[in-house]
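Chain by chain, the residues:
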Amino acid sequence: MASAKRKSSSSSPRIFAVANQKGGVGKTTTTVNLGAAIAELDRNVLVVDLDPQANASTGLGLNPRQLDHSMYDVLLRDAPLEDVIEPTTVKNLFVAPSSLDLAGAEIELVPAFSRERKLKDAIGTVIDDYDFVFIDCPPSLGLLTINGLTAATEVMVPIQTEYYALEGLGQLLRNVDLVKKNLNPELELSTIVLVMYDARTKLSSQVSDEVREHFGDQVCRQVIPRTVRLSEAPSFGQPITVFDPTSRGAIAYRELAKEVINAKA
């Protein structure tokens, strides 16, 4: 149980729902590594792990099976978010961990009062401690993701530069619009990150061009390369900036961090 002390920046906190209903697209990788890179720049960052697979939690060195509380307790038992937040080995970086119990939360939340706003209310109690919040949403469009979108001010979508990259994106965008209309008028799709970029292939550059043509300035200039080191880091419970600070992946996420911070500076 931990909390950041005092916000290091005077600007409004930015709350990102990191979402893509396709699995294996680098969503958790981006949440963990971008969060760590922004924390390195002296911003207080909270990662909220809403995915029952708990990959963001384990990727930041936590073992969900050894924790007394998780986001399940926050959403289903009204536990204070402050009691669930854990520090990480990275200064200024904190995580509200997931657990396997969250897998049942989609069903258990159905009869809950204000079920779509549970996370928004919880984050509201701690938001003054943080500059950035990254909500790692599960790869589905159920109630957990709806909670993430309702709590956020911005949506970040990692898109892999491979075949079928835009498949399913239309449905995600329709859901973002529905949440904006009915639950969260502040929500905007602000950031698209191109990940798993392989400069050796024509396909990567073609997909990149297609996404940029479609989404324009919402697409970050910095792309994230496909690297073995990025794939290895989670099994050591470390973000890439700690696991291999001079690697291409670490450098890319540091550049992306500057771009995201400056986007609304």
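Structure: see above.
Here's a quick rundown of the structure. (Residues numbered from 1 in each chain as written. Predicted model: local features only at pLDDT ≥ 70, side-chain atom pairs only at ≥ 80, totals over all residues. Heavy atoms only, no water.)

## A few points about the pattern of salt bridges
Then step 1. This structure, assessed with the given rule, holds eleven salt bridges.
Then step 2. Across the salt bridge formed by Lys-27 and Asp-136, the nearest N and O atoms sit 3.2 Å from each other. Note that Lys-27 is positioned in helix α1 (residues 27–40) and Asp-136 in strand β5 (residues 132–136), a separation of 109 residues in sequence. Asp-136 matches Lys-27 in its accessibility class, with the two residues each being buried.
Then step 3. One salt-bridge network, held together by shared partners, links Arg-229, Glu-232 and Asp-244. (Salt bridge = Lys/Arg side-chain N within 4 Å of Asp/Glu carboxyl O. Helix = DSSP H or I, 4+ residues; strand = E, 2+ residues; numbered from the N terminus. Buried < 20%, exposed > 50% of the residue type's maximum accessible area, 1.4 Å probe, protein only.)

## Section: the side chain of Ser-70
Then step 1. Locating Ser-70 in the fold gives a position in the loop between α2 (55–59) and α3 (71–77).
Then step 2. Within the structure, Ser-70 has its side chain in polar contact with the side chain of Ser-99 (distance 3.0 Å).
Then step 3. Dropping the residues within four chain positions of it, Ser-70 is found in contact with Val-84, Pro-97, Ser-98 and Ser-99. (Polar contact = N/O pair within 3.5 Å; in protein donor to acceptor, adjacent residues only side chain to side chain. Contact = heavy atoms within 4.5 Å.)

## Observations regarding unusual backbone geometry
Then step 1. For Ala-54, which is not glycine, the phi torsion reads 60 degrees and is therefore positive.
Then step 2. When you line up the elements, Ala-54 lands in the loop between β2 (45–49) and α2.
Then step 3. Residue classification places Ala-54 among the buried positions, given a relative accessible area of 4%.
Then step 4. Phi at Met-196 takes a positive value of approximately 55 degrees, unusual for a residue other than glycine.
Then step 5. Looking at the element boundaries, Met-196 is found in the loop between β7 (188–195) and α9 (202–215).

## Some remarks on the side chain of Ser-99
Then step 1. Assignment of secondary structure puts Ser-99 in the loop between β4 (93–96) and α5 (105–108).
Then step 2. In this view, Ser-99 contacts Pro-52, Pro-64, Ser-70 and Tyr-72; residues no more than four positions away in its chain are not counted.

## As for the packing of helix α7 (residues 143–151) against helix α8 (residues 169–182)
Then step 1. Running from N to C, α7 and α8 cross one another at 55 degrees; their axes reach a closest spacing of 10 Å. Considering their axes alone, α7 and α8 lie oblique with respect to each other. Along this stretch, α7 crosses α8, giving a crossing that reads as right-handed. Side by side, α7 and α8 meet where Ile-146, Leu-149 and Thr-150 of the first sit next to Asn-175, Val-176 and Val-179 of the second.
Then step 2. Of the residues that constitute the contact of α7 with α8, the class distribution is four nonpolar, two polar and no charged. (Axes fitted to C-alpha atoms, helices over the stretch in contact; angles between N-to-C directions. Parallel < 35°, antiparallel > 145°, perpendicular 65-115°, else oblique. Left-handed = near helix turned anticlockwise from the far one by under 90°. Nonpolar A, V, L, I, M, F, W, Y, C, P; charged D, E, K, R; others polar.)

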